Amino acid sequence: MQRTEVRTIFEKGAPGRRAFSCPKVDVPMVEGLLPGAYRRKQPARLPEISEPELVRHYVNLSKRNFDLDSGFYPLGSCTMKHNPRLHERVAGLPGHARLHPLQTPKRAQGALELMYNLERALGAVAGLPHVALQPSAGSHGELLGVLLTRAYHEDRGEHRRKVLTPDTAHGTNPATVTMAGYEVVKVGTNADGGVDIEDLKAKATTDVACLMLTNPNTLGVFDPQIEEIASIVHGVGATLYYDGANLNAVMGISRPGDMGFDIVHYNLHKSFTQPHGGGGPGSGPIAVSDRIAPYLTVPVIEKQDDGSFTLESSPGEGRPGSKSIGRLRGFQGNYGCFVRSYAYICSLGAEGLKDASETAVLNANYLLAKLRALGVADSLPLAFGDLCMHEFVLSGAPMKKDLGIRTLDLAKRLLDHGFHPPTVYFPLLVDEAFLIEPTETETKETLDAFAEAIAAILAEAKVDPLIAQNAPYTTPVRRLDEAAAAKNPVIRQPL
């Protein structure tokens, strides 16, 4: 059934069929409003299709894709947790869904109050007092954080050139550094999976503007040296930036601000249950310390003496945004993300957020133990340490050597067992990396089934590695030549 030929929407229907009929125009027709050079010479080639055909077409297409509502999605470092339906109902309330981004503040008081409260809730999670909601994604928040760092140094008459990033950093970190006009300097990892302190000391010079770090890091390791790291970075006058991609491990347990971080970005579309994937929408607010606050984006949401809220574009001296770098985007952010995230925080409360993180860490360690109990560790050992935080990285190097299958083969074969594969080949310092994050919303039965599927694939590979090497078999599309697709992409359907 999965392999039946699919026709495009343009190949279906017949002339004259309609899924919707527009009402007659009830205003006078006026010619010349659109210049003739921009008007079509002939009607657009649109499909003519009935409503049942239209619905069936898109429903059938959706069944050919994997999604979080269909199954387990342990994509490491992406926190693909369940998105509660309550949040969708709240976001769909007319006052939220129909709010225009250009609405005047006095007629958007409810939205401004929600955003103001969300800023304070996020600040409490990070342990930093000032929050800006504008960034549209984690990478956008990273860029804002580095731009704020640059503004901070330049305001002090310093023109630093380098930003330190560990070799476990997310790929967006070095890209962000380059976009902000800095030079990337990589910091090594020690045998325990944390920052190599000696390498950091050697590279932390007065020319360094910032160290970008996440704790726990992408290896699933919490770095116990974080206070020493902060002391080294601050000792040379640099800022310490926290990549919040892994915040799901520590919400309500430890706060980046208490560790010494100056800037933190959040992924509302990860830790705070805004649905994500497929390009958006996302949201990447940042929180900052007092010394960074003057450079925050404007307008700033302020609460007046009478309890009303306003958007202040020119804050007074000493207030957040008083030396602002300006705007990062046209409006205040992706508001629907704010509503869902605020609903999540209000639903769980402080203790609930802590419980979510504790359960995420428990689930990851349970899955790791289950894999070991099934004998998977011989072929897929843990890359660093003995335990993990919310995610862990296995190395497929022994599997490749002993069984003749690569991490990619294992990932493709998992699709035939009904599971979305974890992240593969990242972080780059682990040979044949297999990065797994189960999140807190999965059941023990799901984790058991996933571990058993991996064990079954490895047992199968001992007998015939070609099975995994040619997988998947049950998906709409068989294995693609990814190298050829990258070199010669087909981006248009032939006419």
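Everything here concerns the structure above.
Residues numbered from 1 in each chain as written. Predicted model: local features only at pLDDT ≥ 70, side-chain atom pairs only at ≥ 80, totals over all residues. Heavy atoms only, no water.

Engineer: Any details on the pattern of salt bridges? Residues and values, ideally.
Structural biologist: Using the criterion set out here, one finds 25 salt bridges in the structure. The salt bridge involving R340 is made with E88; its shortest N-O contact spans 2.8 Å. Pair noted here: R340 is in helix α10 (residues 335-373) and E88 is in helix α2 (residues 85-91), with a separation of 252 residues, a long-range link. With a relative accessible area of 16%, R340 lands in the buried category. (Salt bridge = Lys/Arg side-chain N within 4 Å of Asp/Glu carboxyl O. Helix = DSSP H or I, 4+ residues; strand = E, 2+ residues; numbered from the N terminus. Buried < 20%, exposed > 50% of the residue type's maximum accessible area, 1.4 Å probe, protein only.)

Engineer: So, the sheet that holds strand β12 (residues 433-436): which residues are in play, and what are the values?
Structural biologist: Here we have 3 strands laid out as an open sheet, ordered β10-β12-β11, and antiparallel in their pairing. The strands lining the two open edges of the sheet, one partner per strand, are β10 (392-395) and β11 (423-424). Direction of pairing for β11 relative to β12: antiparallel, over a ladder of 2 bridges. When the bridges of β12 are listed, V424 appears paired with F434. Relative to the sheet, helix α12 (residues 407-416) contacts β11 and β12, its axis offset from that of β12 by approximately 40°. (Pairing = 2+ DSSP bridges. Contact = heavy atoms within 4.5 Å. Axes fitted to C-alpha atoms, helices over the stretch in contact; angles between N-to-C directions.)

Engineer: Talk me through helix α4 (residues 109-126); I want residue IDs and the actual numbers.
Structural biologist: Between its terminal C-alpha atoms α4 stretches 26 Å, which fits the 26 Å expected from 18 residues at 1.5 Å a residue. Residues of α4 that are buried include every one of A111, L112, L114, M115, Y116, L118, E119, A121, L122, G123, V125 and A126, and no others. Where α4 terminates, the next one or two residues include G127, which has phi positive at roughly 75°. (Expected span 1.5 Å × (residues − 1).)

Engineer: Can you tell me about helix α5 (residues 138-155), naming the residues and giving the values?
Structural biologist: Taking 1.5 Å per residue as the helical rise, α5 with its 18 residues ought to reach 26 Å, and the 26 Å between its terminal C-alpha atoms agrees with that figure. Buried residues dominate α5, accounting for 14 of its 18 residues. At the exit of α5 stands G157, carrying a positive phi of roughly 80°.

Engineer: Give me the packing of aromatic side chains: which residues, what numbers.
Structural biologist: All chains considered together, the criterion is met by 10 aromatic pairs. Considering the side-chain rings of F72 and F450, the 5.1 Å spacing of their centres and the 85° angle between planes classify their relative orientation as edge-to-face. Within this pair, whereas F72 is found in the loop between α1 (51-63) and α2, its partner F450 is found in helix α13 (residues 444-463), the two being separated by 378 residues in sequence. Just as F72 is buried, F450 falls in that class too. Here the aromatic cluster, defined as three or more aromatic residues joined through ring pairs, consists of F72, F419 and F450. Above the plane of the ring of Y116 lies R120, whose end atom (NZ or CZ) is 3.6 Å from the centre. (Phe/Tyr/Trp six-rings, centres within 6.5 Å; stacked < 30°, edge-to-face > 60°. Lys NZ or Arg CZ within 6 Å of the ring centre and 35° of its normal.)

Engineer: If you had to explain the sheet that holds strand β3 (residues 183-187) to someone new, which residues and values would you point to?
Structural biologist: With mixed pairing, the 7 strands of this open sheet are ordered in space as β1-β7-β6-β5-β4-β2-β3. Pairing within the sheet leaves two strands with one partner each, and these edge strands are β1 (130-132) and β3. Looking at each pair of strands side by side, their axes are set apart by 25° on average, direction ignored. Pairing of strand β2 (residues 162-166) with β3, which is carried by 5 bridges, proceeds in the parallel orientation. Counterpart to T165 in the pairing with β3 is K186.

Engineer: Describe in detail a nonpolar patch on the surface, supporting the description with residues and values.
Structural biologist: Taken together, V6, Y58 and L61 make up a surface patch of nonpolar side chains, about 260 Å² in accessible area. Mapped onto the elements of the fold, L61 is located in helix α1. You can call L61 partly exposed: its relative accessible area is 35%. (Patch = residues over 30% accessible without salt bridge, like charges linked within 9 Å, V, L, I, M, F, W, Y side chains within 5 Å. Areas by Shrake-Rupley, 256 points an atom, 1.4 Å probe, with all protein chains shown as cover.)

Engineer: Can you break down the layout of surface pockets residue by residue, with the values?
Structural biologist: Remark: the empty space left among the atoms is shown by a probe the size of a water molecule rolled over them. Counted as a void, the largest pocket has a volume near 520 Å³. Lining the largest pocket are 27 residues, and of these L99, H100, P101, F331 and Q332 lie nearest its centre. Of all the secondary structure elements, the ones that give two or more residues to the lining of the largest pocket are α3 (94-97), α4 and α10. Looking at the lining of the largest pocket, the element that brings in the most residues is α10, giving 4 residues. Grouping the constituent residues of the lining of the largest pocket by class yields 16 nonpolar, 9 polar and 2 charged. (1 Å grid on protein atoms, 1.4 Å probe; cavity = no way out; pocket = protein on both sides within 12 Å on 5 of 7 lines; lining within 4 Å. Points joined across faces, edges and corners; volume = space filled by probe spheres on them. Nonpolar A, V, L, I, M, F, W, Y, C, P; charged D, E, K, R; others polar.)

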